[in-house]
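Topology and contacts: notes
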Amino acid sequence: MSVDPLSQEQLDAYIRARLALAGFDVEKLPERPDPETGVPTRAQVLASLRSFVASTPAALASWAPPASSPAYAQQGAVPLIHPSIDEARGGER
């Protein structure tokens, strides 16, 4: 099944909705850069999140654990961003 990529407007709407659910209002970010504080502008934040949403979640969603059947695949561990931290805590990989 092929899925068409989302448009920039659709990605922005999705990002704004997810941020609103987390209690973050993008509209409170400045429109122009502020060199004194270094706070990113709305456009910078949306561009960065658009890039992330367009690439990373799809890569994570397509991951499947190595298993001989779907029943065993459900028991597999998800990939870790920093496996060395988990191993240091005593987790086996």
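Residues numbered from 1 in each chain as written. Predicted model: local features only at pLDDT ≥ 70, side-chain atom pairs only at ≥ 80, totals over all residues. Heavy atoms only, no water.

1. Focus: the nonpolar core
Counting 6 residues, the largest nonpolar core consists of Ile 15, Leu 19, Val 26, Leu 29, Val 45 and Leu 46. Residue assignment for this core shows that the elements contributing at least two residues are α1 (8-21) and α2 (42-61). (Core = buried A, V, L, I, M, F, W, Y, C linked by side-chain atoms within 4.5 Å. Buried < 20%, exposed > 50% of the residue type's maximum accessible area, 1.4 Å probe, protein only. Helix = DSSP H or I, 4+ residues; strand = E, 2+ residues; numbered from the N terminus.)

2. Observations regarding the confidence of the model for the protein chain
Here the protein chain averages 80 in pLDDT, and 69% of its residues register 70 or above. Per-element confidence in the protein chain ranges from a low mean pLDDT of 64 for helix α4 (residues 83-88) to a high of 92 for α1. (pLDDT = per-residue confidence, 0-100.)

3. Points about the pattern of salt bridges
Tallying each qualifying case throughout the model produces 4 salt bridges. Residue Glu 27 pairs with Arg 42 through a salt bridge whose shortest N-O separation is 3.3 Å. Placement of the pair is Glu 27 in the loop between α1 and α2 and Arg 42 in helix α2, with a sequence separation of 15 residues. Relative accessible area serves as the criterion here: at 41%, Glu 27 is assigned to the partly exposed category. Through salt bridges that share partners, Arg 16, Glu 27, Glu 31 and Arg 42 make up one connected network. (Salt bridge = Lys/Arg side-chain N within 4 Å of Asp/Glu carboxyl O.)

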